Amino acid sequence: MLNDHNQTDKGHRKHAKLAKPSTGNFGWNEWAIVGGPCTVIKLLADDVIRALSPVYRCAYVDTSHNDDFTSLPGRLASGASLEYTDQINHQQFNYPNPVYLYQLKQYFSPADLILVNGNHQQAKKQVVIIDINKTASLQKRLEQLTDVQLFLLADNANEVADFIQEAIPHWQQIPVLKIDDRENIIAFFEKALKQAKPVLNGLVLAGGKSTRMGFDKGAAAWHGKQQRYYMADMLKNFCNEVYISGRPGQRQEIDQEYSVIEDTFTGLGPFGAILSAFREQPDAAWLVIACDLPLMDEATLRNLVAWRNISSVATAYHSPVTDFPEPLIAIWEPKSYPVLLSFLAQGFSCPRKVLINSDITLLNAPDFAALTNVNTPEELEKVKSMIHTKIVTTNE
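All values reported here derive from a predicted model rather than from experimental measurement.

Trainee: What is the right way to look at a nonpolar patch on the surface in this model?
Mentor: Together, Leu-82, Tyr-84, Phe-93, Tyr-95, Val-99 and Tyr-107 line one region of the surface with nonpolar side chains, adding up to about 560 Å² of accessible area. Within the secondary structure, Leu-82 is located in the loop between strand S2 (58-61) and strand S3 (83-86). Leu-82 sits in the partly exposed class, given a relative accessible area of 42%.

Given below as structure tokens:
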């Protein structure tokens, strides 16, 4: 008999234990607005989204109020399983079948803020409207109030209702606003989104075999120490935690002072290294940097971090050499994880292709030379002279 769907009574796990993103029903930052008339909830959501959408990607979830039987639209009525229509200023998908929870999370993963009509749908966090006329309705939903973060008093209410006080022991610690105080309501959500900014970790890509170079580029001492350690030390000034990415079994080659994430998506090069990092910590953003960038400096990293856009899939530099985004000196946000996996499912393992075909923030590097990478002995000799010139210039 199974005690858990992943574990047998002998303690053997049937499935791998994976770190799961801390999302709710739809995404990372979701709030159900519950306790008021649906019209009031929709108008409130409209005002919040209008105020925050210039900076954040906002989404809304609701359920139709039409209780009558509604005929299937368009080709669905003829038996189609999906209909897509380019409406010029928006895109429309129609499905005849239920959308599963896992699909919803994928659709909403780009959103920074998700507001939900709590009269019909549930969310991880809640905003509760205290409206005397909706008392009976709210009493039926007490079990849905698992993480109330804000109370809103309707015009007919002066305090948090007694039954709410009994259901939520810590109710006095939760802020209370009037529902027409739009300025402070918007400020509440804006503050919450700023506090929810994903932590930034660093990942030094050092798992390549350096076939063209003829020796391990990560072990090259261009700056007085092995390049992988030089890069990792540089990232420590900008990241919460820094890891060196390596091939399976490579951990034993790395100094114990440095943390290592070995590839679990093997045979995919940098693409697999990035996925392996997200598999380890899916709620973190990753500043990914290749170890073969001998001219990389703190100014280039500082500029990248300063202009980081958490609403984008990634923040990257434009490469003047390829005229494309440079994926191996870039910040990959948590929302890029499902995007990377979807590209892999379609047979693509090129991180640059992901950036080219995704919504990213593209920057110009303050010094394009910092993006120079080294793959061959000939390129190495050229860069050595550039490093020497840079050192001399800095010391003058």
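From this point, the discussion proceeds with the structure in view.
Trainee: How should I be thinking about the environment of Ile-261 in this particular structure?
Mentor: Its place among the elements puts Ile-261 in strand S11 (residues 259-262). We classify Ile-261 as buried; its relative accessible area is 3%. C-alpha of Ile-261 to C-alpha of Leu-203: the two residues are 58 residues apart in sequence and 8.5 Å apart in space.

Trainee: How do you make sense of the sheet that holds strand S7 (residues 148-153) when you look at a structure like this?
Mentor: In a beta sheet, neighbouring strands are held together by backbone hydrogen bonds and run either parallel or antiparallel to one another. Strand order in the open sheet made by the 6 strands is S2-S5-S1-S6-S7-S8, with parallel pairing throughout. Across the chains shown, the open sheet's two edge strands, defined by having one partner strand only, are S2 and strand S8 (176-178). Direction aside, neighbouring strands of the sheet carry axes that sit 25 degrees apart on average. Of the pairings in the sheet, the one linking S2 to strand S5 (residues 113-117) comprises 4 bridges and is parallel in character. Paired with Cys-58 across the bridge in S5 is Leu-113.

Trainee: I keep staring at the pairing of S3 and nothing clicks. Help me out?
Mentor: Along a regular strand, successive side chains alternate from one face of the sheet to the other. Both S3 and strand S4 (residues 91-94) contribute to a ladder of 4 bridges, which runs antiparallel. Pairing of Asp-86 across the sheet is with Gln-91, part of S4. Between S3 and S4, which follow one another and run antiparallel, lie 4 residues, and Ile-88 among them has a positive phi close to 70 degrees.

Trainee: Teacher, can you tell me more about the nonpolar core here?
Mentor: A general tendency of soluble globular proteins is for nonpolar side chains to be buried together. In this structure, Trp-286, Leu-287, Ile-289, Met-296, Leu-301, Ile-329 and Trp-332 are the most contacted members of the largest nonpolar core, which totals 58 residues. The residues contacting Trp-286, other than those within four sequence positions of it, are Leu-200, Asn-201, Gly-202, Leu-203, Tyr-243, Ile-261, Ala-277, Phe-278, Gln-281, Ala-330, Ile-331 and Trp-332. Core analysis: the next-biggest nonpolar cluster, separate from the first, contains 24 residues, Ile-41, Leu-44, Leu-52 and Phe-188 among them.

Trainee: Looking at this structure, how should I read helix H5 (residues 182-195)?
Mentor: An α-helical turn contains 3.6 residues, so any two residues separated by three or four positions project in the same direction. Between its terminal C-alpha atoms H5 stretches 20 Å, which fits the 20 Å expected from 14 residues at 1.5 Å a residue. Taken as a whole, H5 has its buried residues at Ile-185, Ile-186, Phe-188, Phe-189, Ala-192 and Leu-193. In an axial view of H5, the angular spread of the buried residues amounts to 150 degrees, which keeps them on one side of the axis. In this structure, H5 carries Glu-183, Lys-191, Lys-194 and Gln-195 as exposed residues pointing more than 90 degrees from its buried face.

Trainee: For this particular structure, what's the right way to read the packing of helix H7 (residues 270-280) against helix H9 (residues 336-345)?
Mentor: Packed helix pairs are characterised by how far apart their axes lie and by the angle those axes make with each other. Across the interface, H7 lies against H9 with an axial gap of 10 Å and an inter-helix angle of 135 degrees. Taken together, the axis directions place H7 and H9 in an arrangement best described as oblique. Remark: the crossing between H7 and H9 carries left-handed chirality. Across the interface between the two elements, Phe-271, Ile-274, Leu-275, Phe-278 and Arg-279 of H7 pack against Ser-336, Tyr-337, Leu-340, Leu-341, Phe-343 and Leu-344 of H9.

Trainee: Help me out: how do you make sense of the packing of aromatic side chains in this one?
Mentor: The relative placement of two aromatic rings is captured by the distance of their centres and the angle of their planes. The tally for this structure, following the rule as stated, stands at 10 aromatic pairs. Considering the side-chain rings of Trp-31 and Phe-188, the 6.4 Å spacing of their centres and the 70 degrees angle between planes classify their relative orientation as edge-to-face. Separated by 157 residues along the polypeptide, Trp-31 in strand S1 (residues 30-34) and Phe-188 in helix H5 bring together distant segments of the chain. The class for Phe-188 is buried, based on a relative accessible area of 17%. An angle of 75 degrees between the planes, with centres 5.0 Å apart, marks the rings of Phe-188 and Phe-189 as edge-to-face.

Trainee: Help me understand the environment of Pro-270, please; the structure alone is not making it clear to me.
Mentor: Along the polypeptide, Pro-270 turns up in helix H7. Classification of Pro-270 by relative accessible area gives partly exposed; the value is 32%. For Pro-270 and Gly-246, which are 24 residues apart along the polypeptide, the C-alpha to C-alpha distance reads 10.0 Å. The residues touching Pro-270, leaving out its near neighbours within four places in the chain, are Leu-205 and Leu-328.

Trainee: I tried to follow the UniProt feature "binding site: Mg(2+)" (unreviewed entry) in the chain on my own but got confused; where do I start?
Mentor: Following the UniProt record, one finds the feature "binding site: Mg(2+)" (unreviewed entry) at Asp-292. Topologically, Asp-292 is positioned in the loop between strand S12 (285-290) and helix H8 (298-306).

Trainee: Would you explain H7 in this entry?
Mentor: For H7, a buried count of 8 out of 11 residues is recorded, marking the element as mostly surrounded by other parts of the structure. Phe-271, Gly-272, Ala-273, Ile-274, Leu-275, Ser-276, Ala-277 and Phe-278 are the residues of H7 that are buried.

Trainee: What exactly am I supposed to notice about empty space enclosed by the protein here?
Mentor: A probe as big as a water molecule, rolled over the atoms, marks out the empty space that is left. Under the definition given, this model contains 1 cavity of 30 Å³ or more. Here the lining of the largest cavity is composed, by residue class, of 4 nonpolar, 5 polar and no charged.

Trainee: When you look at the pattern of salt bridges in this model, what are you seeing that I'm missing?
Mentor: Side-chain pairs of opposite charge can arise where the charged atoms are in close proximity. This structure, assessed with the given rule, holds 11 salt bridges. Measuring nitrogen to oxygen at the nearest pair gives 2.9 Å for the salt bridge that ties Lys-335 to Asp-112. Here Asp-112 lies in the loop between helix H2 (101-108) and S5 and Lys-335 lies in the loop between strand S14 (325-332) and H9, a separation of 223 residues in the sequence. Here Lys-335 and Asp-112 have matching classes, each one buried. Between Arg-302 and Glu-298 there is a salt bridge; the shortest N-O distance is 3.5 Å.

Thresholds applied
Residues numbered from 1 in each chain as written. Predicted model: local features only at pLDDT ≥ 70, side-chain atom pairs only at ≥ 80, totals over all residues. Heavy atoms only, no water. Patch = residues over 30% accessible without salt bridge, like charges linked within 9 Å, V, L, I, M, F, W, Y side chains within 5 Å. Areas by Shrake-Rupley, 256 points an atom, 1.4 Å probe, with all protein chains shown as cover. Salt bridge = Lys/Arg side-chain N within 4 Å of Asp/Glu carboxyl O. Helix = DSSP H or I, 4+ residues; strand = E, 2+ residues; numbered from the N terminus. Buried < 20%, exposed > 50% of the residue type's maximum accessible area, 1.4 Å probe, protein only. Pairing = 2+ DSSP bridges. Axes fitted to C-alpha atoms, helices over the stretch in contact; angles between N-to-C directions. Core = buried A, V, L, I, M, F, W, Y, C linked by side-chain atoms within 4.5 Å. Contact = heavy atoms within 4.5 Å. Expected span 1.5 Å × (residues − 1). Arc of directions from axis to C-beta. Parallel < 35°, antiparallel > 145°, perpendicular 65-115°, else oblique. Left-handed = near helix turned anticlockwise from the far one by under 90°. Phe/Tyr/Trp six-rings, centres within 6.5 Å; stacked < 30°, edge-to-face > 60°. UniProt positions renumbered as here; feature names shortened; annotations may be inferred. 1 Å grid on protein atoms, 1.4 Å probe; cavity = no way out; pocket = protein on both sides within 12 Å on 5 of 7 lines; lining within 4 Å. Points joined across faces, edges and corners; volume = space filled by probe spheres on them. Nonpolar A, V, L, I, M, F, W, Y, C, P; charged D, E, K, R; others polar.

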